[in-house]
Amino acid sequence: MPDKFLQNVLYIDLTRRRFWIENRKDLFEKYLGGVGIATQLLLEECPKNIDPFDPENPIIFAVGPLTAVYPLASKTVAMFKSPHTGNLGESHAGGRSAIAIRSAGYGAIVIKGASETPVYLAIHESKVYFRDASILWGMWSTFTVGRIIRENEPGAGIRTIMRIGRAGERLVTYASVITETYRHFGRLGLGAVFGSKKLKAILVSGKHSIPVTDKKTYRELYDEIYDAAVKSPIMRKYHDLGTPANVLPLNELGALPTKNLKQSKFEYAEKISGEFLAEHYLGRRIACANCPVACIHLATLREPYIDEPYFYKTTWVSYDYEPLFALGSMLGGFDVPGLLKLLDEIDTQGLDAMSTGVTLAWATEAMEKGIITKNETLGLELKWGDYETYRKVVINIVKQPNEFYQALARGAEYAASKYGGKEFALTFGGNEMPGYHTGPAAYVGFLTGARHSHLDSAGYSYDQKMFKAQETPTPEKIADHLVKEESWRQILSSLVICFFARNIYKPEIAVKALKTMGYEFTIEDLNKLGREILKKKYEFKFREGFDPNKLRIPKRILETPTPHGKLAEKEIRKAVNLYFEKLK
Amino acid sequence: MAKRLAVIDTERCVGCQMCMFACARRYSVGGLGKSAIHVKSAGGVERGFVVVVCRACPDPPCAKVCPTQAIVPRKNGGVLVKLDKCIGCKLCVEVCLIGAVIWDEETNKPRICTYCGYCANYCPHGVLKFQEIEEAT
């Protein structure tokens, strides 16, 4: 049974500056929380075929029954209609966001309407304040915005502060929402939806206790999960080097997209590896609330000012595998200070690092091929690894001084549709690719995953498993595996568990944990529910015009060999079709 | 000798708040409403964290200001809290310079560390230690 707070959905209408709370026990009993709930709310709240920047586009945040109760259940799910793909938008982030929402007394928050003037929302338990954010609008840095709100509001230690940068204000379709300074609702343009509503930030704080039904088992099970989290080798890996631990193994495998995937091995991979960064730049590791792992790695970049001797500044930059791929190997760059400064600029402006990197990679190749010239770029010459120029391009993507930059602000797919070079625009379902050229399953995953993300069904992981086992991932096997994996991940992201802990929260542990909270689910029930939630997501996608037959496969992925050899379009399409047949 | 919770090295703190959740879990509840220890950033997480917990003063001001003797000094340092006597005046909160009297909004009573050491078992990074109080010299 969902407890009395989890059942609460906070509705906020920015147009009328009103808020109210509705009891949605009906939803929480059936769909647990997180993505299960958010999908239902999206189907309820988002009118059909709406423009993503229409005030009626809802922003939905949801947490789950295990949030603030068990370790590593610390993610918040955001759902909305994506301005980047024009379809299902879903993004997850940690920090303190999930704990704060649950402790404020809510299972979900739905934000609709649009303000006429900039606002930020301060949600302190049952009180919601619509604060004037005119002073914050247009401010150069998201870091400054965070600091100002932090100093003006109570709740230090028990609050989340989600904010957008200028990229979100200016509706760059892959603008991010940043929370706790170093975590992101990165993908699919939630930041632009905030911007379209003149919503600069949301602060949530609260301290409600969360009742547990089976108190004795709770403490035992907590210890079991906690021990697994602090002792397991995989968690150790995330703690030690963080996700960048993947750079070298993927490069070794020949799966690290390099120079817009003209290559799948990067000769300078060592320079952007987790090992190299840890040794030379790692300044601090931090954690999401209620997670002992502390996978968040902050680099320190010490730079001299050139106008005065012995005058330095130190910048903190949060780095992960995906930004290192997207801004490192994908751009053929290995000058770490340059890379970190570019990443810092991306966070300052509030963009998604992955989409930005892959879009820059397309633009660099387009320039190399003469498809675009200095006329379009306003005199800038994009070259592999030239970070100073990339920084200027990023600022122009936000400013959008001409048609070309307006196009780049909509991502690689849109820019390529306007200027050409689609065959090397590495987007899937409109979303820029992540850093895995591992084999067919990865791409089938990007194409079929409900949000076209590697995290939907982790095809990249299946490719690697098959490679190790020296087996061929056939379309049949891929489709089987991905449907199963993506279905189960709906349960994890309904509870809402960090995917890093997916090997700890196995089905039997999930059932046990739910039982301590008063839910009676069997493993079979959960499997069924996972599939149902996934189908609901597809119900939304098809409603909004998704067509598997129209999915574009960029030629580039077929040209550059993967660990499983060169990929065949026919096989990928076959697996995609099988996926949708199996999902029926 | 009495024991207390010592903050050994805040620089090792990653801000996971496992200690806070552990403290609340003594009452078999989730969330942070019952925690008597508090972790917050030192002005932005990149600057690290502040761990706030009763340091078991030998002459505790919170006990001195309590008008109902709900807070009484413990032998060898620290305090004992008798919630039945508390009238919720919050004088103890005001007088504690380090902010270690944490207000429980759900009961309208203070939460002060009981020196049980439970949270230290859940500090994965060596920040907290449950140890003997050194004699004041």
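Residues numbered from 1 in each chain as written. Chains lettered and ligands numbered in written order. Predicted model: local features only at pLDDT ≥ 70, side-chain atom pairs only at ≥ 80, totals over all residues.

> For this particular structure, what's the right way to read the overall build of chain B?
Check the secondary structure of chain B and you find three helices and nine strands. When the helices and strands of chain B are placed in sequence order, the string is β-α-β-β-β-α-β-β-α-β-β-β. Over its C-alpha trace chain B gives a radius of gyration of 15 Å, about what one expects of a compact globule, namely 14 Å for 137 residues. (Helix = DSSP H or I, 4+ residues; strand = E, 2+ residues; numbered from the N terminus. Rg over C-alpha atoms; globule rule 2.2 N^0.38 Å.)

> Is there a simple way to explain the domain arrangement of chain A in this structure?
Think of interface size as the accessible area that goes away when the parts come together; that is how it is often given. All names here are of chain A. For chain A, the assigned domains are domain 1 (8-205), domain 2 (241-415) and domain 3 (431-583). If you look at the interface, domain 1 gives 34 residues, while domain 3 gives 27 residues. Among the secondary structure elements, those contributing two or more residues to the side of domain 1 that touches domain 3 are α2 (34-45), β4 (76-81) and β5 (88-93). In terms of residue count, α2 provides more of the side of domain 1 that touches domain 3 than any other element does, six residues in total. Taken together, the residues of the side of domain 1 that touches domain 3 sort by class into 16 nonpolar, 14 polar and four charged. (Domains from an automatic or database assignment. Contact = placed C-beta atoms within 7 Å. Nonpolar A, V, L, I, M, F, W, Y, C, P; charged D, E, K, R; others polar.)

> Before we go on, may I ask you to explain the sheet that holds strand β14 (residues 282-286) of chain A in this structure?
Each strand in a sheet pairs with its neighbour through backbone hydrogen bonds, running either in the same direction (parallel) or in the opposite one (antiparallel). All names here are of chain A. If you trace the three strands from one edge of the open sheet to the other, you get β14-β15-β16, paired in antiparallel fashion. What marks the edges here is a single partner per strand, and that holds for β14 and β16 (312-319). Between one strand axis and the next, the sheet turns by 25° as a mean value, whatever way the strands run. Note: strand β15 (residues 296-304) against β16, eight bridges, orientation antiparallel. Within the sheet, the bridge partner assigned to A299 lies in β16 and is V317. Sheet contacts for helix α12 (residues 336-349): β15 and β16; angle to β16, the most-contacted strand, approximately 75°. (Pairing = 2+ DSSP bridges. Axes fitted to C-alpha atoms, helices over the stretch in contact; angles between N-to-C directions.)

> Is there a simple way to explain the sheet that holds strand β12 (residues 199-205) of chain A in this structure?
Residue and element names in this part refer to chain A. Strand order in the open sheet formed by six strands is β8-β7-β12-β9-β10-β11, and the pairing between neighbours is mixed. At either end of the open sheet lies a strand with only one pairing partner, and these are β8 (127-132) and β11 (183-185). Adjacent strand axes in the sheet meet at a mean angle of 20° when their direction is disregarded. Bridge count for strand β7 (residues 119-124) against β12 is six bridges, and the pairing is parallel. Among the inter-strand pairings, I123 is bridged to a residue of β12, identified as V204. Across the sheet, helix α4 (residues 142-152) lies against β7, β9 (159-163), β10 (177-179) and β12, angled at about 145° from β9, the strand it touches most.

> Explanation requested: the pairing of β4 of chain A in the structure shown.
For a regular strand, side-chain orientation follows a simple rule: the groups alternate between the two sheet faces. Residue and element names in this part refer to chain A. With six of its six residues buried, β4 lies for the most part within the structure. Burial of the side chains of β4 extends over both faces: T76, A78 and F80 are buried on one face and V77, M79 and K81 on the other. Bridge analysis of strand β3 (residues 59-62) against β4 gives three bridges, and the strand direction is antiparallel. Paired with F61 across the strands is A78, a residue of β4. Pairing of β4 with β5, which is carried by six bridges, proceeds in the antiparallel orientation. Looking at β5, one finds that A78 is bridged to S91. (Buried ≥ 20, exposed ≤ 12 C-beta atoms within 10 Å, placed from the backbone.)

> Would you explain the packing of α12 of chain A against helix α15 (residues 387-399) of chain A in this entry?
Each pair of packed helices gets described by two things: the angle between the helix axes and the distance between those axes. Residue and element names in this part refer to chain A. Closest axis-to-axis distance for the α12/α15 pair is 9 Å, and the angle between their directions is 10°. When the axes of α12 and α15 are compared, the pair comes out roughly parallel. Along its contact with α12, which presents G338, L339, K341, L342, E345, I346 and Q349, the element α15 presents Y387, Y390, R391, V394 and V398. The class makeup of the residues in the contact of α12 with α15 is seven nonpolar, two polar and three charged. (Parallel < 35°, antiparallel > 145°, perpendicular 65-115°, else oblique.)

> Looking at this structure, I do not really get the domain arrangement of chain B. What am I missing?
Residue and element names in this part refer to chain B. On domain assignment, one finds that chain B holds domain 1 (1-53 + 113-131) and domain 2 (57-99). Between the C-alpha centres of domain 1 and domain 2 the distance comes to 20 Å. At the junction of the two partners, domain 1 supplies five residues and domain 2 supplies seven residues. Taken together, the residues of the side of domain 1 that touches domain 2 break down into four nonpolar, no polar and one charged.

> Please explain the environment of D214 of chain A as it appears in this structure.
By the secondary structure assignment, D214 of chain A is in the loop between β13 (210-211) and α7 (215-231). A count of 15 C-beta atoms within 10 Å places D214 of chain A in the partly exposed class.

> I'm lost on the interface of chain B and chain A in this one. Help?
Contact residues are listed per partner, giving 26 residues for chain B and 33 residues for chain A. Of all the secondary-structure elements, those providing two or more residues to the side of chain B that touches chain A are α1 (18-25), β2 (29-30) and β3 (38-41) of chain B. With four residues, the single largest contributor to the side of chain B that touches chain A is α1 of chain B. Class assignment of the residues belonging to the side of chain B that touches chain A gives a composition of 11 nonpolar, nine polar and six charged. Judged from the two bridges that link them, β13 of chain A and β2 of chain B form a sheet pairing that is antiparallel. Along β2 of chain B, the bridge assignment pairs I210 of chain A with G30 of chain B.

> Which parts of the structure should I look at to understand unusual backbone geometry?
Leaving glycine aside, a negative phi is the common case for residues, and trans is the common case for peptide bonds. Residues and elements named next belong to chain A. Put simply, L495 and V496 share a cis peptide bond, and its omega is -10°. The phi dihedral of E125 is positive, around 50°, even though this residue is not glycine. Looking at the secondary structure, you find E125 in the loop between β7 and β8. According to the C-beta neighbour criterion, E125 is partly exposed, with 17 such atoms within 10 Å. For E180, which is not glycine, the phi dihedral falls at a positive 50°. Structurally, the position occupied by E180 is in the loop between β10 and β11.

> Where do I start with the nonpolar core in this structure?
Side chains that are nonpolar tend, in soluble globular proteins, to be buried together. Within the largest apolar cluster, 239 residues are counted, with the highest numbers of intra-cluster contacts made by I60, A108 and W362 of chain A together with C19 of chain B. Each residue touching W362 of chain A, except ones within four places of it in the same chain, is listed here: N260, A412, A415, A416, G421, F424, A425 and L426 of chain A. (Core = buried A, V, L, I, M, F, W, Y, C linked by C-beta atoms within 7 Å.)

> Help me out: how do you make sense of helix α23 (residues 523-543) of chain A in this one?
An α-helix turns once every 3.6 residues. As a result, residues three or four positions apart point the same way. Residues and elements named next belong to chain A. Taking 1.5 Å per residue as the helical rise, α23 with its 21 residues ought to reach 30 Å, and the 30 Å between its terminal C-alpha atoms agrees with that figure. Those residues of α23 that fall on the buried side of the exposure criterion are L526, G530, I533, L534, K537 and F540. For α23, the buried positions fall inside an angular range of 110° around the axis, keeping them on one side. Across from the buried face of α23, at angles greater than 90 degrees, the exposed residues are E524 and E539. One or two steps after α23, the chain reaches G545, where phi turns positive at roughly 100°. (Expected span 1.5 Å × (residues − 1). Arc of directions from axis to C-beta.)

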